[in-house]
Amino acid sequence: MKVKQVSLIAMFILFSGFITPLFCQEIEKEDTDQKSKHRVSITMGHTHIPAGEMDSKKKVLAVPSWGLDYNYQLNRKWAVGIHSDFITETFTVIDFEGDKEFERERPLTMTLVGIYKPHERWSFLAGTGYEIAKEENLSLLRLGIERGWEIEKEWEVFVTLQYDLKFSVYDSWMIGIGFSKGI
């Protein structure tokens, strides 16, 4: 199956779960008590790349990264967002087959995610997007989990763990800490 077909199928599955609640007739009281439907976040973290290459040897790399996210809260449990991550260094990876090297010059990742909040402070996210770099753009699938703590007046500090699968090339995971603000 081609990468674009897999991306389209993943996006269809992801968004079919969000369209159904939009057509519901009843509005729950707890959903209307939300303070803010819009949230902006900034994250500082390290992206770990198991298929990294250094001195002609395969090595796990840890490179610094920054994230900027926007989320729109649909109701108490569901949100959608646009998440972007920027890796601040250039690195080389070896593809899954182990026969091809890819250089990635400070790639920017843009993803469209769906977010499920089973509890007030826990969030699970899944989405699809692209890693954009000078050399080549790669399709990806993202999975993640976040835990937040409210500070005051709609400010929140959170920790995040995210996994990105760049189809047919390499994977990475990021651990970070961030701040978000309801607007």
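Residues numbered from 1 in each chain as written. Predicted model: local features only at pLDDT ≥ 70, side-chain atom pairs only at ≥ 80, totals over all residues. Heavy atoms only, no water.

Q: So what's going on with unusual backbone geometry? Which residues, and what values?
A: One non-glycine residue, Arg106, lies in positive phi territory at about 40°. Here Arg106 shows up in the loop between strand S5 (101-105) and strand S6 (108-116). Note on Arg106: relative accessible area 41%, which makes it partly exposed. For Ser168, which is not glycine, the phi torsion reads 65° and is therefore positive. With respect to the element layout, Ser168 can be found in the loop between strand S9 (155-166) and strand S10 (170-182). (Helix = DSSP H or I, 4+ residues; strand = E, 2+ residues; numbered from the N terminus. Buried < 20%, exposed > 50% of the residue type's maximum accessible area, 1.4 Å probe, protein only.)

Q: Got a sec to walk through the pattern of salt bridges? Specific residues and values, please.
A: Inspection of the entire model under this criterion finds 11 salt bridges. Of the charged contacts, one joins Glu156 and Arg121 as a salt bridge, the two residues approaching to 2.7 Å between their closest N and O atoms. Placement of the pair is Glu156 in strand S9 and Arg121 in the loop between S6 and strand S7 (122-132), with a sequence separation of 35 residues. As far as the burial class goes, Glu156 and Arg121 line up, both buried. Here Arg142 ties to Asp164 by a salt bridge, and the two come within 2.7 Å at their closest N and O atoms. One end of the pair, Arg142, is in strand S8 (residues 138-150); the other, Asp164, is in strand S9, and 22 residues separate them in sequence. There is no split in this pair, since Arg142 and Asp164 are both buried. (Salt bridge = Lys/Arg side-chain N within 4 Å of Asp/Glu carboxyl O.)

Q: I'd love a proper account of the pairing of strand S4 (residues 90-94), names of residues and values included.
A: Most of S4 is tucked away, with 4 of its 5 residues classed as buried. Sheet topology places S4 next to S5; 5 bridges connect them, and they run antiparallel. From the neighbouring strand, Ile94 faces S5, where its bridge partner is Glu101. In this structure, the hairpin formed by S4 and S5 is closed by a connection of 6 residues, where Gly98 is found at a positive phi of approximately 80°. (Pairing = 2+ DSSP bridges.)

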